[in-house]
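Structure assessment
Chain residues, written in single-letter form:
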Amino acid sequence: MPVMYGTYGLLAEFDTPAELTRATYAAKEAGYRRMECYTPYPVEEVASALDVHDNRVPLLTLLGGLMGVTTAFLMETWISVWSYPINVAGRPLFSWPAFIIPAYEWTILFAGLSACFGMFALNGLPQPYHPLFNAPNFRLGATDNKFFLCLEAIDPQFDREQSRAFLEQLQPVSVVEVDL
Amino acid sequence: MAHAIDTHGHAHGHHGPRVLPADLSAPPVVNLWRSRALIVAAVFAVLAALVGLLGGPNGAAHIMRGYLLGYMICFAFCGGGLCMLMLQYVTGGKWGLLLRRPLEAMVGTVPYLMVATIPLLLFGKGLYLWERFPTIASVHDALKNGLINEGQAHSLSWKHAMLNPWSVFVQMLVVYGFIFVWGSLLRRWSLQRDLDPNRGTMKSYDYWRIKTENLSGIGVLIYSIILTIVAIDFMMSLDINWYSTMFGLTFLVGQGYVVLALSVHTSIRLSKWEPFATILRKTEQYDLGKFMLAFVMLNIYLTFGQFLIIWSGNQAEEIPWYLNRIRGGWWVICSLDFIFHWVVPFMMLLSRRLKYSRSKMLALTTWMIFARCFDMFWLIEPGFPDTARHFHISVGTFAYLTVPVAMIALWMAYYLTQLKSRALVVVNDPHTVEILEPEHAH
């Protein structure tokens with residue numbers, strides 16, 4: 001892997017989720033697109049500000065669920081009707097009410113696993129290295145009590161001086177430049 | 001979704017907490033709604049009378065069945081409202097603060113339900129065998145004359161201690177006594193709490209929180225027993241032989257389903273005017289939507305659970321209840337019930353966008369109340385000899401439309417009167433400050 005040099009982006013630190021949300025909206029309005037927010041816990045409004053709600057996780061979950069329900073139901077039908085038919089108290093071999101619960105469990109299992117691993121995959125995880133961990137304040141605060149907005153250098157609008165000035169007028173606790 | 005919050009947030013352009021309007025009482029439009037409810041009640045009462053006249057004896061019998069449907073729905077609003085009120089006191093949470101006054105208004109309608117119980121006790125002979133044959137001697141006579149079969153006679157004698165008119169009367173005294181006492185106390189305390197001279201202090205918050213929690217904790221337990229009694233007396237005993245230990249619980253969850261639908265509907269409707277315009281935030285509306293989804297899922301879970309257990313057991317005393325409700329064309333109603341009552345709300349409530357949208361949530365909550373009535377139709381109508389395993393529409397069937405609509409509309413008028421009688425926002429509660437905070441996006 002080639003060694004990369006340069007700037008990853010500018011990292012602004014905030015104390016509250018409200019300030020972070022406002023800053024994100026402001027950055028969006030100013031035309032920035034390649035940016036990311038980092039919060040110690042999920043902040044719904046920040047996700048809305050970044051417009052990351054419309055992603056493919058729900059679709060993957062649905063597909064997983066459908067796969068689970070079909071697999072389980074067909075498997076049960078095959079076992080009970082063709083593979084190993086047993087007469088249970090005179091009930092029909094194809095007794096669908098009894099199949100519902102295992103089929104439901106498989107729906108949940110497959111949907112859950114698809115959601116979880118789909119989310120990992122779409123997020124590009126696992127990721128053993130991330131440049132932001134080079135910033136000491138990020139290392140200490142991102143999982144604790146700090147809220148970060150990072151404008152990434154690959155954004156066409158990114159300019160080291162202007163972007164820093166832009167972030168500073170949003171009154172963050174600090175703005176630091178993060179190396180790749 | 002981002003867009004809704006986005007436009008909303010930027011339109012205001014200020015970041016401080018919002019301020020409650022000076023006048024916290026219900027908007028004048030509630031009077032208009034009440035007049036409309038009364039008109040609907042009157043029109044449908046006339047239509048119900050027509051059904052009774054045109055339908056002959058069958059029509060008259062159906063009037064009582066429709067009456068039972070309306071009664072059970074109104075009871076769900078009133079009793080279920082009390083249960084939800086106690087639940088929000090026990091659990092805390094901002095959603096409860098929003099719904100508290102609508103729920104208190106629902107509980108305040110208990111006199112309506114007390115009066116509405118009387119016709120069931122006096123004219124329920126066509127509905128309940130225990131009312132038609134109130135004594136052991138009359139049961140024996142009925143068996144001799146071939147009016148009932150041996151199984152029914154056995155069940156009637158066996159269940160006589162609980163299911164006879166006087167016993168049910170006493171049970172109803174206990175049921176409504178409980179709802180009245182608990183409802184009145186919680187309603188009174190809620191007003192006293194707002195007038196507390198120490199209001200706004202931690203001491204006052206703690207005092208009222210502990211006081212209401214203590215009453216509500218035991219109240220939720222008692223209510224689940226009380227509700228089971230009502231469900232057994234008025235619904236399960238339509239088929240004297242049948243029993244299910246899950247029955248009371250399915251009604252408890254069904255009440256949560258319909259009470260949330262009505263209270264969310266009320267809140268969203270009121271949010272066009274002050275004070276709900278200020279206090280109903282998107283965040284809480286979204287949370288309430290998720291809460292509704294939980295009830296929708298629990299509802300199908302219990303209903304299907306009951307079916308699966310009875311289907312697996314395949315016992316002669318249990319399974320006819322389902323066969324009566326599936327065979328002879330009833331499978332159509334049963335399938336529609338499954339779709340209306342579960343598939344539609346479940347699919348809709350999965351969507352984030354829908355839970356944030358006011359107009360769509362209004363439509364969905366209306367639908368859920370209708371679906372609950374439809375479910376009740378499926379529970380009641382196949383329970384009689386003329387309709388079991390034989391679905392057909394007669395003039396009498398329309399009693400299921402006219403009588404409940406008249407009853408529910410009249411109940412609504414009472415509910416709206418109760419809603420008008422006090423301020424719509426609870427002031428002395430730590431959540432009031434939180435609910436006035438701007439959402440992060442604002």
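Note: the structure precedes this text.
This report concerns the structure included in the present document. (Residues numbered from 1 in each chain as written. Chains lettered and ligands numbered in written order. Predicted model: local features only at pLDDT ≥ 70, side-chain atom pairs only at ≥ 80, totals over all residues. Heavy atoms only, no water.)

**What about unusual backbone geometry?**
- The omega torsion across Leu125 of chain A and Pro126 of chain A is 0°, close enough to zero to call that bond cis.
- Mapped onto the fold, Pro126 of chain A is located in the loop between α4 (96-122) and α5 (136-141).
- In this model, Glu274 of chain B is joined to Pro275 of chain B through a cis peptide bond whose omega is -5°.
- Tracing the backbone shows Pro275 of chain B in the loop between α11 (247-270) and α12 (276-279).
- In this structure, Asn314 of chain B is a non-glycine residue whose phi angle is positive, near 55°.
- Looking at where Asn314 of chain B falls in the secondary structure, it is placed in the loop between α13 (282-313) and α14 (319-326).
- Asn314 of chain B sits in the partly exposed class, given a relative accessible area of 41%.
- Here the phi dihedral of Arg389 of chain B falls at roughly 55°; this positive angle occurs in a residue that is not glycine.
- Inspection of the secondary structure assignment puts Arg389 of chain B in the loop between α17 (358-380) and α18 (399-420).
- Arg389 of chain B gets classed as partly exposed once you look at its relative accessible area, which sits at 34%. (Helix = DSSP H or I, 4+ residues; strand = E, 2+ residues; numbered from the N terminus. Buried < 20%, exposed > 50% of the residue type's maximum accessible area, 1.4 Å probe, protein only.)

**Observations regarding the sheet that holds strand β2 (residues 35-38) of chain A**
All names here are of chain A.
- Taken in spatial order, the four strands make up an open sheet running β2-β3-β1-β4, and their pairing is antiparallel. Whereas interior strands pair on both sides, the edge strands pair on one side only; in this sheet they are β2 and β4 (174-179). The sheet shows a mean angle of 20° between the axes of neighbouring strands, direction not considered.
- Pairing geometry for β2 and strand β3 (residues 147-152), over four bridges, is antiparallel. Pairing of Cys37 across the sheet is with Leu149, part of β3.
- Those strands touched by helix α1 (residues 17-29) are β1 (7-14), β2 and β3, and its axis lies near 15° from that of β3. (Pairing = 2+ DSSP bridges. Axes fitted to C-alpha atoms, helices over the stretch in contact; angles between N-to-C directions. Contact = heavy atoms within 4.5 Å.)

**Notes on the side chain of His265 of chain B**
Residues and elements named next belong to chain B.
- Following the sequence through the fold, His265 ends up in helix α11.
- For His265, a relative accessible area of 12% gives the class buried.
- When near neighbours in sequence (up to four residues on either side) are disregarded, His265 contacts Leu362, Thr365 and Thr366.

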